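Here is how the chains run, residue by residue.
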Amino acid sequence: MSVFLSRRSFLASGAAGLIALHPFAARAAANQAHLRIMETTDLHVHVFPYDYYGDRPVDTVGLARTAALVEEVRAEAGNSMLIDNGDFLQGNPMGDYIAYERGMKEGDMHPIITAMNTLGFDATTMGNHEFNYGLDFLMKSMAGADFPVVCANVALEAGETILQDKTLFKPYVIVDKEITDGAGNSHKIKVGMIGFVPPQIMQWDRAHLEGKVAPRDIVAAARAYVPQMKEEGADIIIALSHSGIGAAAETEMMENASVPLARVDGIDAILTGHHHRVFPSAAYDDVEGVDTVAGTIFGKPAAMGGFWGSHLGLIDLMLETSGGEWKVVAHTSEARPISKRNEDRSITPLVASVAAVEASVQTEHEETLAYVRRAVGKTDAPLHSYFALVADDPSVQIVSIAQKWYIEQMLSGTEFAGLPILSAAAPFKAGGRGGPEYYTDVSKGDVAIKNVSDLYLYPNTARAVLVTGEQVKDWLERSAGMFNQIEPGSDGAVLLNPDFPSYNFDVMDGVTYQIDLSQPSKFDPKGNLLNADASRIVNLMFDGAPVTAEQQFVIATNNYRASGGGSFPGAKGDTIIFEVRTQTAMSSCATLWIRVRSAPRLMRTGPLRQCPGHL
């Protein structure tokens, strides 16, 4: 049952005490009003402060905790709006339980939507992970939302121009917002909200979307719709950009387009996400057009509220009316955390959960716990990812073995059956942005669904690509960008490149190879060619013989990688020879393999990844 908590009752539920008003609220004049924009982003179904993989409470995640910050903000500012920036529907075992176990029938409520209704969100947009379970699941889930859903760059039917598109959701909404000025007078302003998602959804979820939707360029869509929003009377326009803060130079169909988006005339504030980072923060100090002190992108206020409910993004606007028009005359940006990490790496919670939010999805929480605790097999060796970036790793190996086994079954009897099958897999949980506890750790003994989900976090599906020996080598060169160049004999050199995400560190089973770290990386962390003549991968062998450039191989991988995710040579979408067109996630393949094999002892017999003198 959906529990709706009105803003008035939500505010009344807060702890008694003194409330510090924001300076804008304190000094607003008769013709001025303070409006606070709150943002959540990349929630990924995290409602409870609970780690379903580790089966334990945690203090670093959960919309129920973020809700306490919402309570504080609403107390500080009488005029406020709460907006989500996408990637809320997928990302933890509760999401998988709803998608794969319980299902979504007409009229069913998705727990993350129930929780968002409880908090009284004003709007949301689509993130790329909203499409992971298919359009039917998405539309049934969103049908329960008590708030508008906007997305301007995904069309069900593409018109001759963007303005002629028939979009999957409304491209934008303009809401009448009642605000109170500094003298206590009420006014109606029109707040426009327009949403964007990376157009790469067509690569990452092609099996669900091909022939059904067409993506548009983010900035081009903004240039088309924003003037129309102004013509329809929008006083201020907020961009809900589920797109990271990336390059300032505009290129077609950018994934991370928030910086050039800020240059579009008429946009007053930008909510960002997708990167699972915080803005303002030092993480973006060196990005052109970004001022991390002022919290702006090309002079416009912006915020990114972390991920999984870790922060609440905040943009404060001082609005002023003159001649019947409202405009932004001052602004501030920040991101408030729900916890802090101490010097001894312990965590101190800064807020407590809001009981009404947890209560709204208590049933689904308990059902998810029962689901993830269900045993599917056994292992007589521990599976962990603590050393996945520097040594052979069992958590990667079990995924690699499972997807290779699956592809072997699927290609049996086809024209590709006689080709050697390799398998590429990467560690998802290897510390980094996720923090020092962000590792897979499955103890010896029973393997439950929570453990399989921990081994493979995303609802990716199996794919196979046909590549040459030259592409195999370049695939590994791309992966070897994880490591910094190390001068032989140096002492204390930093081994790992912090800008290289672990999910792009593919380890390849079926070949042996060495990585010479005295050589520079051939590709940069985003997969762009950096040093054309660089060659880190040496002694690349298959079945005891050197791999030749012309040899043909099949690589078992996932839909994200095969469709261009990570920009790996040989994986651009045009080399796919097999793909799953059902909701058979890779975690399901791993579960099936564990059941079939009864989880024998897992020891790597695949790649030899030696970095002479350094690893």
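Look above for the structure.
Bear in mind that the values here come from a model prediction, so they are computed numbers and not experimental data.

**Q** Give me the lowdown on the nonpolar core, citing residues and values where you can.
**A** Within the largest apolar cluster, 61 residues are counted, with the highest numbers of intra-cluster contacts made by Phe88, Ile112, Met126, Phe131, Leu138 and Met142. With residues near it in sequence (within four places) discarded, Phe131 still touches Met126, Leu138, Val154, Leu168, Val197, Ile201, Asp205, His208 and Leu209. By size, the runner-up hydrophobic cluster in this structure holds 48 residues, among which are Val442, Leu457, Phe500 and Ala571.

**Q** Now, about the packing of helix α3 (residues 63–76) against helix α5 (residues 111–119): what can you tell me, with residues and values included?
**A** Where α3 contacts α5, the two axes come as close as 11 Å, and the packing angle between them is 15 degrees. By the angle between their axes, α3 is roughly parallel relative to α5. In terms of crossing hand, the pair formed by α3 and α5 is right-handed. Residues Leu63, Ala67, Val70 and Arg74 of α3 lie in contact with α5, whose contacting residues are Ile112, Ala115, Met116 and Leu119.

**Q** How would you explain the pairing of strand β4 (residues 80–84) if you had to name every residue and give the values?
**A** Moving residue by residue along a regular strand, the side chains alternate between the two faces of the sheet. Taking burial as the measure, the 5 residues of β4 include 5 buried ones, the bulk of the element. Side-chain alternation along β4 places Ser80, Leu82 and Asp84 on one buried face and Met81 and Ile83 on a second face that is also buried. Where strand β1 (residues 32–40) meets β4, 5 bridges bridge the pair, whose relative direction is parallel. Looking at β4, one finds that Ile37 is bridged to Met81.

**Q** Break down the sheet that holds strand β8 (residues 166–167) for me, citing the residues and quoting the values.
**A** As summarised here, the arrangement of the 3 strands in space is β8-β7-β11, forming an open sheet in which the pairing is antiparallel. Edge positions in the sheet fall to β8 and β11 (214–215), since each has one partner strand and no second. Both strand β7 (residues 154–157) and β11 contribute to a ladder of 2 bridges, which runs antiparallel. Bridging across to β11, Val154 finds its partner in Pro215.

**Q** Describe in detail helix α13 (residues 394–411), supporting the description with residues and values.
**A** The end-to-end C-alpha distance of α13 is 26 Å, a good match for the 26 Å that 18 residues give at a rise of 1.5 Å each. Within α13, 13 of the 18 residues are buried, leaving the element largely enclosed by the surrounding structure. Just beyond α13, the residue with positive phi is Gly413, at close to 85 degrees.

Rules used throughout
- Residues numbered from 1 in each chain as written.
- Predicted model: local features only at pLDDT ≥ 70, side-chain atom pairs only at ≥ 80, totals over all residues.
- Heavy atoms only, no water.
- Core = buried A, V, L, I, M, F, W, Y, C linked by side-chain atoms within 4.5 Å.
- Buried < 20%, exposed > 50% of the residue type's maximum accessible area, 1.4 Å probe, protein only.
- Contact = heavy atoms within 4.5 Å.
- Axes fitted to C-alpha atoms, helices over the stretch in contact; angles between N-to-C directions.
- Helix = DSSP H or I, 4+ residues; strand = E, 2+ residues; numbered from the N terminus.
- Parallel < 35°, antiparallel > 145°, perpendicular 65-115°, else oblique.
- Left-handed = near helix turned anticlockwise from the far one by under 90°.
- Pairing = 2+ DSSP bridges.
- Expected span 1.5 Å × (residues − 1).

Without other data, these values stay purely geometric and don't point to any function.
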